[in-house]
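Structural features, examined
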2 protein chains.
Amino acid sequence: MDEVGAKAKTMKSTILHGIRVALLEIGSATTVELSDKLGISFPTISKFLGQMEKDGELILTGLDHSSGGRRAKRYTYNPEYKLGLALFMEENETNYVIFNCFGEVKEQGKTEPALMDDGFSLLTKDIEKLMEKYPHVSSMAIGVPGSVDNGRIFFIPGYKHIQDFDLKGYFEDQFSLPVVVENDMNAAVLGYHHNGKIKHNHSLIYLYSGQNGPGAGIMINGGVVRGSTFFSGEVSFVPQYDDRNFLRALGKGKKTDKKAIREEYEIDAISRLVASFTAIINPKTIIFCNDEVDESILARISVRSSTYIPANHLPELVASDWKQDYLCGLQVLGLKLMLAEESN
Amino acid sequence: MDEVGAKAKTMKSTILHGIRVALLEIGSATTVELSDKLGISFPTISKFLGQMEKDGELILTGLDHSSGGRRAKRYTYNPEYKLGLALFMEENETNYVIFNCFGEVKEQGKTEPALMDDGFSLLTKDIEKLMEKYPHVSSMAIGVPGSVDNGRIFFIPGYKHIQDFDLKGYFEDQFSLPVVVENDMNAAVLGYHHNGKIKHNHSLIYLYSGQNGPGAGIMINGGVVRGSTFFSGEVSFVPQYDDRNFLRALGKGKKTDKKAIREEYEIDAISRLVASFTAIINPKTIIFCNDEVDESILARISVRSSTYIPANHLPELVASDWKQDYLCGLQVLGLKLMLAEESN
DNA sequence: GGAACTTATTAAACCTCTTTAAAAAGTTTA
DNA sequence: TAAACTTTTTAAAGAGGTTTAATAAGTTCC
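If you're wondering where the values come from, they're calculated on a predicted model, not measured in any experiment. (Residues numbered from 1 in each chain as written. Chains lettered and ligands numbered in written order. Predicted model: local features only at pLDDT ≥ 70, side-chain atom pairs only at ≥ 80, totals over all residues. Heavy atoms only, no water.)

1. Notes on the sheet that holds strand 4 (residues 83–89) of chain B
Residue and element names in this part refer to chain B. Strands sit in the order 6-5-4-7-10 across an open sheet of five strands; the sheet is mixed. Strands at the two margins of the open sheet, each flanked by one partner only, are strand 6 (105–111) and strand 10 (179–183). In this sheet, neighbouring strand axes are inclined to one another by 15° on average, regardless of whether the strands run parallel or antiparallel. Sheet analysis places strand 7 (residues 137–144) next to strand 10, joined by five bridges and oriented parallel. When the sheet's bridge partners are listed, valine 144 is paired in strand 10 with asparagine 183. Where helix 4 (residues 119–133) meets the sheet, its contacts fall on strand 4, strand 5 (94–100), strand 6 and strand 7, and the angle it forms with strand 4 comes to roughly 160°. In this fold helix 6 (residues 184–195) packs onto strand 7 and strand 10, with an angle of close to 100° to the strand it touches most, strand 10. (Pairing = 2+ DSSP bridges. Helix = DSSP H or I, 4+ residues; strand = E, 2+ residues; numbered from the N terminus. Axes fitted to C-alpha atoms, helices over the stretch in contact; angles between N-to-C directions. Contact = heavy atoms within 4.5 Å.)

2. Describing the pairing of strand 17 (residues 316–320) of chain B
All names here are of chain B. Bridge analysis of strand 16 (residues 285–289) against strand 17 gives five bridges, and the strand direction is parallel. Bridging across to strand 17, threonine 285 finds its partner in glutamate 316. On the question of chirality, the crossover connecting strand 16 to the parallel strand 17 by way of helix 9 (residues 295–305) is right-handed. (Right-handed = clockwise from strand over helix to strand, strands pointing away.)

3. With respect to the protein's contact with DNA strand C
Taken together, 22 residues sit near DNA strand C, with A:Ser41, A:Thr44, A:Gly68, B:Gly68 and B:Gly69 positioned nearest. Considering the 4 Å shell around the protein, atoms of DNA strand C inside it are sugar or phosphate in 67% of instances. The contact in question runs from a sugar or linking oxygen of DNA strand C to an N or O atom on the backbone of A:Gly69, over 3.1 Å. The separation between a phosphate oxygen of DNA strand C and a polar main-chain atom of B:Lys73 is 2.9 Å. When residues of the surface near DNA strand C are traced back to their parent elements, those giving at least two are helix 1 (8–26) and helix 3 (42–55) of chain A together with helix 3 (42–55) of chain B. Here the residues of the surface near DNA strand C are counted per class, giving seven nonpolar, ten polar and five charged. (Near = heavy atom within 4 Å. Polar contact = N/O pair within 3.5 Å; in protein donor to acceptor, adjacent residues only side chain to side chain. Nonpolar A, V, L, I, M, F, W, Y, C, P; charged D, E, K, R; others polar.)

4. Considering the interface of chain B and chain A
Listed by partner, the interface residues are 53 residues for chain B and 54 residues for chain A. A combined buried area of about 4,300 Å² lies between chain B and chain A, and 59% of that area is made up of carbon and sulfur atoms. Taken together, the connections running from chain B to chain A amount to zero salt bridges. If you look at where chain B meets chain A, you find 25 residue pairs in polar contact (both at pLDDT 80 or more). At the level of elements, helix 1 (8–26), helix 2 (31–38), strand 12 (213–220), strand 13 (223–224), strand 14 (239–241) and helix 8 (264–280) of chain B are the ones that each hand at least two residues to the side of chain B that touches chain A. For the side of chain B that touches chain A, the element with the most residues is helix 8 of chain B, which contributes seven residues. Of the residues that constitute the side of chain B that touches chain A, the class distribution is 26 nonpolar, 16 polar and eleven charged. (Buried area = accessible area lost by both parts, 1.4 Å probe. Salt bridge = Lys/Arg side-chain N within 4 Å of Asp/Glu carboxyl O.)

5. Comments concerning the packing of helix 8 (residues 264–280) of chain A against helix 8 of chain B
Two elements in contact, helix 8 of chain A and helix 8 of chain B, have axes separated by 11 Å at closest approach and are oriented at 90°. Between helix 8 of chain A and helix 8 of chain B, the angle is such that the two are roughly perpendicular. Here A:Ser276, A:Phe277 and A:Ile280 of helix 8 of chain A lie close against helix 8 of chain B, whose contacting residues are B:Ser276, B:Phe277 and B:Ile280. Its residues assigned to classes, the contact of helix 8 of chain A with helix 8 of chain B comprises four nonpolar, two polar and no charged. (Parallel < 35°, antiparallel > 145°, perpendicular 65-115°, else oblique.)

6. Brief notes about the environment of B:Leu339
Note that B:Leu339 resides in helix 10 (residues 322–340). Once the C-alpha coordinates of B:Leu339 and B:Ile19 are considered, the two residues, 320 residues apart in sequence, prove to be 9.5 Å apart.

7. Here we look at the nonpolar core
Counting 68 residues, the largest nonpolar core has A:Phe288 and B:Phe288 as its most contacted members. Residues contacting A:Phe288, with those up to four places away along its chain left out, are A:Leu207, A:Ile270, A:Val274, A:Val293, A:Leu298, A:Ile301, A:Leu317, A:Val318, A:Ala319 and A:Ser320. If you look at the next biggest cluster of nonpolar residues, it comprises 49 residues, including B:Leu24, B:Leu204, B:Ile287 and B:Cys289. (Core = buried A, V, L, I, M, F, W, Y, C linked by side-chain atoms within 4.5 Å. Buried < 20%, exposed > 50% of the residue type's maximum accessible area, 1.4 Å probe, protein only.)

8. Examining helix 4 of chain B
One full turn of an α-helix is made of 3.6 residues, so residues set three or four places apart face in the same direction. All names here are of chain B. For helix 4, which comprises 15 residues, the first-to-last C-alpha distance of 22 Å matches the rise-based estimate of 21 Å (1.5 Å per residue) to within 8%. Among the residues of helix 4, those classed as buried are Gly119, Phe120, Leu123, Thr124, Ile127, Leu130 and Met131. Buried residues of helix 4, viewed axially, fall in a sector of 120°; they line one side. Away from its buried face, by an angle of more than 90 degrees, helix 4 presents the exposed residues Lys125, Lys129, Glu132 and Lys133. (Expected span 1.5 Å × (residues − 1). Arc of directions from axis to C-beta.)

9. Quick notes on the domain arrangement of chain A
All names here are of chain A. If you check the domain split of chain A, you get domain 1 (8–77), domain 2 (83–188 + 325–340) and domain 3 (195–321). A separation of 32 Å is found between the C-alpha centroids of domain 1 and domain 2. Listed per partner, the contact involves six residues of domain 1 and five residues of domain 2. For the pairing of domain 1 and domain 2, the buried interface totals around 520 Å² over both sides, and the portion due to carbon and sulfur atoms is 73%. (Domains from an automatic or database assignment.)

10. With respect to unusual backbone geometry
Although it is not a glycine, A:Ser176 sits at a positive phi angle of roughly 40°. With a phi close to 65°, B:Asp164 is a non-glycine residue in the positive phi region. On the secondary structure map, B:Asp164 appears in the loop between strand 9 (152–155) and helix 5 (167–175).

11. With respect to the protein's contact with DNA strand D
As a structural note, the neighbourhood of DNA strand D is formed by 23 residues, with A:Gly68, A:Gly69, A:Lys73, B:Ser41 and B:Thr44 the closest of them. Within the side chain of B:Thr44, a nitrogen or oxygen atom sits 2.5 Å from a phosphate oxygen of DNA strand D. Put simply, the parts of the chain that give the surface near DNA strand D at least two residues each are helix 3 of chain A together with helix 1 and helix 3 of chain B. No other element matches the four residues that helix 3 of chain B contributes to the surface near DNA strand D. The residue makeup of the surface near DNA strand D, split by class, is eight nonpolar, ten polar and five charged.

12. Focus: the sheet that holds strand 12 (residues 213–220) of chain A
Residue and element names in this part refer to chain A. With mixed pairing, five strands are arranged side by side in an open sheet as 13-12-11-16-17. Edge positions in the sheet fall to strand 13 (223–224) and strand 17 (316–320), since each of these pairs with one other strand and no more. In the packing of helix 9 (residues 295–305) onto the sheet, the strands contacted are strand 16 (285–289) and strand 17, and the crossing angle to strand 17 comes to about 155°.

13. Quick notes on the relation of the copies chain B and chain A
Rotating chain B by 180° and translating it 0.1 Å along the rotation axis places it on chain A, where the RMSD comes to 0.1 Å. In the structure described here, the two chain copies are related by an operation that fits a two-fold rotation axis. For chain B, the minimum C-alpha distance to the rotation axis belongs to B:Tyr241 and amounts to 2.0 Å. The fraction of interface residues of chain B whose copies in chain A are also interface residues reaches 100%, indicating that both copies meet through the same surface. (Least-squares fit on C-alpha atoms with pLDDT ≥ 70 in both.)

14. Looking at the pattern of salt bridges
Scanning the model with the defined rule gives 38 salt bridges over all chains in all. With a shortest N-O distance of 3.2 Å, A:Lys168 and A:Glu172 are connected by a salt bridge. Remark: A:Glu172 and A:Lys168 occur in helix 5 (residues 167–175); sequence separation between them is four residues, near one turn of the helix. Take A:Lys168: its relative accessible area is 24%, and that puts it in the partly exposed class. In this structure, the salt-bridge partner of B:Glu264 is B:Arg304, at a minimum N-O distance of 2.8 Å. Of this pair, B:Glu264 sits in helix 8 while B:Arg304 sits in helix 9, placing them 40 residues apart in sequence. Take B:Glu264: its relative accessible area is 44%, and that puts it in the partly exposed class.

Laid out in structure tokens, this is it:
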């Protein structure tokens, strides 16, 4: 735990990881470009690139045009070298995606719901079929609507039988590949963060008024906030009025089907929440689901919030596609696993 | 920015830093103990220890009792090898501390206030005298009641003339040693975190109802939360009742002198804030100033908070000495600078 | 009290990445 | 078209940390 960052043993994987990330980020590169970017000498880079090309992890796309000297070899990462499987479980279905290292979707679909009793065996069989079809799959990222602690489902309302279940361990044993499990909101905020190509470690909050009551995914300084009892983001409980918290202010006792936010009392409740977020965390952006708000609603929230907080400190309010961000976040997590693998 | 963590050049300072931290943490150690703890081979450790002993940075305290073999040399860090200066500026005075690497205070005192016009030149002269008296001082940590961005005073209410002033740059030029500048609440939360010997990266919130209105220092995942416009922790603005935010709920319009919290309406306002913190961040601990609350008040807040939030998710509420934590936090920041120095 | 066993330190061989130099491959200019 | 100049790649030398072996220093047992 106190270990020095990169000792000799981990050096190889550190470099490998660096090359992969850099190459994916900038699309293609030459030895020198990578050397500059990573601060590693070009002979070392050269050696690694040679090996990676042999393994099929890289593609030699050709030679650069010369600017007065020998032409440089230009490499691209082979996106098909490894694939990933991302899936998230919901009440009635399981959405999955097979994606490559560029984030391109090879196949997308729905399959068995797994959260109910006995759901896992059905799902496992479906995944087995997928694995046969795509033998290059080498990571799994799973999203669940509950609290997760290192792959174990810590708390998941409504599905008692899988509470305390070690989902990560289960699938790792089953398919012998690295698995990551994440909470839905956390994955979504991660996905948005990645999608927006946000430079560096801004704070984000993803707000979602789901069926099971509202929740928020919070990202601060580039890391997801989990909370000491995995309770962070349970904004239902924020006291807002003399005798109402956020949940009751939204009038959500009576499980309505309607999604869109429209009413004045909703606007005010959300604006107060935005104000609370700002006064406490002061995030760069708050993300809403685009099936719940539109631009005009956002504008109203923005105006209303500024009655509570100096406008110049208010976060940017945006609408985004929740499911897409969710899947994207899972893909990011899966990709991380793939890029970290020794693969040797 | 994308550089691989520890390349050869930084290796030396990484190891040096690791040895220093480990040695200060565990008090004393032998070559093998350090090697185990840091994951670095003992010949390397041995070489470094030899050099550090020559430099006077280490003290050979003697030989371990043998457990059947050659007796091992036991080293201790020499706390006087480097000293640090920590100071914080307030309206009417500047508190300072000279401390060694064990955190032991060599001298403590008050000196010129620096926040008013022309205060800096007086303070600078006083510091010069201190530096002559303690030539081993090799870092400075400065606390200010305002927002700080990388040593620059970003926003400081009431002292317009030093707004946007590069305090870090000024003192670094003046005394040619590393300087760190930090906001008061952030330093305090850091100090408490360090003082409590908290294992790992819990979330903490330091709540303070200062003269200039309440504020909070927030630490999440081991890092201080600054906010996108350096507005985080400005909890005055949290909407709490139909028509009152936290500041107004405390009845603080009329700048009262009284400090202690007693009234029922205060308890409720604070409890609602605790509930908001919990629902959003879910911190491990919330720290209050011990001149504002006592155990019975904390108990009342705790009970009241649990009317808003399930009690098992509520943070631990504690009282602590603000000035002491503040200074301690500054010391931690200064110490960090000292331990990172190449010193070669 | 010496033989056998433990453990810490020192020394030597080794591996890996970096630095520096040389070679290879292109482009431009006389 | 050959000489001069650029730039990349390959090769060799160098530096720093690790691994392995050898040595030094203690302890225990007969």
